[in-house]
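Here is how the chains run, residue by residue.
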Amino acid sequence: MVDTTERFFAGQTAHGHAAPGDKHASGPISFSVEPVSSSTIDAYSQLADSTVAAPPQRAEWLAAWAGNVNSDCVFVSALQGTDPLFAMPLEVVREGLCRTARIPGGSHANGSFFPTMQAFQSRPDTGLQLTAAFRALAAARPDIDMIALERLSPCLDGLDNPLRALPHSDSPNLALAADLTGGFEPLVDRMSGKRKRKKMRAQLRKFEAAGGYRLIRAETPEEAGRLLSALFAMKHERFRKMGVADVFAPPQITAFFQDLFTVAAKDGTRRFFLSGLEVGGKLRAVSACSRTRGRIICDFAAFAEDELYAASPGEFLFFHDIEVASSEDISLFDFSVGDEPYKRAWCEVETRQFDVFFPLTAKGHAATAMRRAKARAKGMIKNNPLAWRLVRMARAGSATKSAPAEND
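The structure contained in this document is the topic of the report that follows. (Residues numbered from 1 in each chain as written. Predicted model: local features only at pLDDT ≥ 70, side-chain atom pairs only at ≥ 80, totals over all residues. Heavy atoms only, no water.)

1. Overview of the overall build of the protein chain
To keep it simple, the criterion reads: Labels follow the DSSP assignment, with helices taken as runs of H or I lasting at least four residues and strands as runs of E lasting at least two, numbered in each case from the N terminus. Each residue is placed in one exposure class: buried if its accessible area under a 1.4 Å probe, protein chains only, is under 20% of its type's maximum, exposed if it is over 50%, and partly exposed if it falls in between. Whether two residues are in contact is decided by their heavy atoms, any of which lying within 4.5 Å being enough. Each accessible area is a Shrake-Rupley estimate made with a 1.4 Å probe; only the visible protein chains count as cover when residues are assessed.
The secondary structure content of the protein chain amounts to twelve helices and 15 strands. Going through the 408 residues of the protein chain one by one, you find that 50% of them count as buried. A fraction of 73% describes how many contacts in the protein chain between residues 6 or more apart in sequence connect residues 24 or more apart. If you sum the accessible surface of the protein chain, you get close to 18,700 Å²; carbon and sulfur atoms cover 54% of it.

Written as structure tokens, this is what we have:
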């Protein structure tokens, strides 16, 4: 953990003057590396509120992650004078023989976009400045071997991601979203509207016969806790049947999401919220969502595999969630990463997120090469329908032979 702030300067001479030929230097850019604390989170929150930031880069996400999962988190920031230009929260983790700085949240953080001011985004030397920021991190934390920034959004709410100025590669998984700019009914009409409406009528009849239904948006911490507990139970059962590890099972991960969604329900910001479908007094489907200025993101969802499984309660809940989103001046309903049939039933917008791997040490160079090769291999498999189908068949086969808890 860093105990003091380390500052470094770019675009200037040793005497602090602008370097020759730097037409954009209205003052030196300094880089700071600071530990995450209540005071630095408060300052970061002001920056994130003043510009565009993805949900995994919100202050409440960082506070919940650092408080429950990993306290070894730092801010890498750039300032011009006293004006902030960007801030990048990172967590430090041990991965094999290397220590890596990554986006807090690990595989739970998708579509990341760090808060960056327009003054930095418009610079032609953003790549050089970001490189200087990473070198500042290396000087402040020489124990870190590599920076791994995965599943970065290429753009968000009309702004391009400046991290694309660095060497990068496509993420293996495609991200899908439904376009709401024309309204809900035109979207339904474009996406097999007749079939969707017919199925909706059949679902309503089944739900009424099962004791009636209720759509829920968690408005209190108690409601959020109930919906999230049901979602985790559904996820656990689903993963067990698939024969894969339950990524939500570790107690610290459960506590992180409980904090994130219950605090959001309490403060009323609704940046993170839960919706659910209850039939016959039992929760049958739950979705966990986040929002930015222009989109709602379905981060994860689950449905009960019980007697109403054939009625597709998850599809029913998505229909409702997308309809509500279209009434809230939202342009995209984002299903995040993963190409699945239930997403294709709504989505026309495809986005390829990207990864940045930046080595800081000799070990980091080797680890970076391995990570890039692994990402390319995953991309080749997941973008080959036959190969991906064979992988899924192999997973399903292993589930019938081994204890689910032992499968990954």
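2. Quick word on the pairing of strand β3 (residues 73-80)
Filter applied, for reference: Strand pairing is assigned whenever DSSP detects at least two bridges linking the two strands.
The buried count for β3 comes to eight of eight residues, which makes it a mostly enclosed element. Across the two faces of β3 the burial is the same, with Cys73, Phe75, Ser77 and Leu79 and Val74, Val76, Ala78 and Gln80 all buried. Bridge count for strand β2 (residues 29-35) against β3 is seven bridges, and the pairing is antiparallel. By the bridge assignment, Ser30 is partnered in β3 with Leu79. Where β3 lies against strand β4 (residues 83-95), eight bridges are found, and the strand directions are antiparallel. Bridge assignment links Ser77 to a residue of β4, and that residue is Ala87.

3. Overview of the pairing of strand β12 (residues 282-291)
β12 sits mainly inside the fold: nine of its ten residues count as buried. Between the antiparallel neighbours strand β11 (residues 272-279) and β12 lie two residues, among them Gly280 with a positive phi of about 60°. As judged from the seven bridges shared by β12 and strand β13 (residues 295-303), these two strands associate in the antiparallel manner. Across the sheet, residue Ala288 finds its bridge partner in β13, namely Phe300.

4. Remarks on the packing of aromatic side chains
Heads up, the rule is: Aromatic rings from Phe, Tyr and Trp, taking only the six-membered ring of Trp, are treated as a pair when their centres fall within 6.5 Å; an angle between ring planes under 30 degrees marks them as stacked, one over 60 as edge-to-face, and anything in between as tilted. As a reminder, the over-ring test applies to NZ of lysine and CZ of arginine, requiring each to be within 6 Å of the ring centre and within 35 degrees of the ring normal.
Counting across every chain of the model gives 28 aromatic pairs. On the basis of an interplanar angle of 85° and a centroid distance of 6.2 Å, the ring pair of Phe261 and Phe272 is categorised as edge-to-face. Within this pair, whereas Phe261 is found in helix α8 (residues 251-267), its partner Phe272 is found in strand β11, the two being separated by eleven residues in sequence. Assessed through its relative accessible area of 2%, Phe261 is described here as buried. The exposure class of Phe272 is buried, given its relative accessible area of 3%. For Lys196, the ring lying beneath its charged end belongs to Trp346, and the centroid distance is 4.6 Å. Positioned above the aromatic ring of Phe273 is the side chain of Arg270, whose terminal nitrogen or guanidinium carbon lies 5.9 Å from the ring centre.

5. Some thoughts on the state of the cysteines
To keep things clear, this is the line we draw: What counts as a disulfide here is a pair of cysteine sulfur atoms lying within 2.5 Å.
All chains considered together, the criterion is met by zero disulfides. Not engaged in a disulfide, the cysteine Cys289 finds its nearest cysteine sulfur in Cys298; these two sulfurs lie 4.6 Å apart.

6. A look at α8
Counting along an α-helix, one turn takes 3.6 residues, and residues three or four places apart therefore face a common direction. What counts, and what does not: The span one expects for a helix is its residue count, reduced by one, times 1.5 Å.
The end-to-end C-alpha distance of α8 is 24 Å, a good match for the 24 Å that 17 residues give at a rise of 1.5 Å each. Those residues of α8 lying buried are Ile253, Phe256, Phe257, Gln258, Leu260, Phe261, Thr262, Ala264 and Ala265. For α8, the elements touching its buried residues are α2 (59-68), α7 (221-242), β11, β12 and β13.

7. Remarks on unusual backbone geometry
Residues other than glycine seldom take positive phi values, yet Arg270 does so here, at roughly 60°. Mapped onto the elements, Arg270 comes out in the loop between α8 and β11. Taking the relative accessible area as the measure of exposure, Arg270 reaches 29% and is therefore partly exposed. Positive phi, normally seen in glycine, also occurs at Asp329, with a value near 60°. Locating Asp329 in the fold gives a position in the loop between α9 (313-326) and β14 (332-337). Here Asp329 falls in the exposed class, since its relative accessible area comes to 70%.

8. Digging into the side chain of Thr40
Test applied: Any pair of nitrogen or oxygen atoms within 3.5 Å is treated as a polar contact; in protein, a donor-acceptor pairing is required on top of that, and neighbouring residues in sequence qualify only through side-chain atoms on both sides.
Locating Thr40 in the fold gives a position in helix α1 (residues 38-50). By relative accessible area, Thr40 is classed as buried at 14%. For Thr40, the side chain forms a polar contact with the main-chain oxygen of Pro35, separated by 3.1 Å. Ignoring anything within four residues of it in the chain, the contact list for Thr40 reads Glu34, Pro35 and Phe75.

9. Focus: helix α4 (residues 126-140)
Relative to the 21 Å expected for 15 residues at 1.5 Å per residue, α4 spans 21 Å between its end C-alpha atoms, a close match to the ideal helical length. Looking at α4, one finds that the buried residues are Thr126, Gly127, Gln129, Leu130, Ala133, Phe134, Ala136, Leu137 and Ala140.

10. Structural notes on a positive patch on the surface
This is how it is decided: Patch definition: residues with relative accessible area over 30% and no salt bridge; like charges joined within 9 Å; nonpolar side chains (Val, Leu, Ile, Met, Phe, Trp, Tyr) joined within 5 Å. A carboxyl oxygen of Asp or Glu within 4 Å of a side-chain nitrogen of Lys or Arg is what we treat as a salt bridge. Asp and Glu count as negative and Lys and Arg as positive, but His and the ends of the chain are not part of the count. Every charge is mapped onto a representative atom, which is NZ of Lys, CZ of Arg, CG of Asp or CD of Glu.
On the surface, a cluster of positive charge is made up of Lys194, Lys198, Arg201, Arg205 and Lys206. Here Arg201 lies in helix α6 (residues 193-209). Using a relative accessible area of 48% as the deciding quantity, one classes Arg201 as partly exposed.

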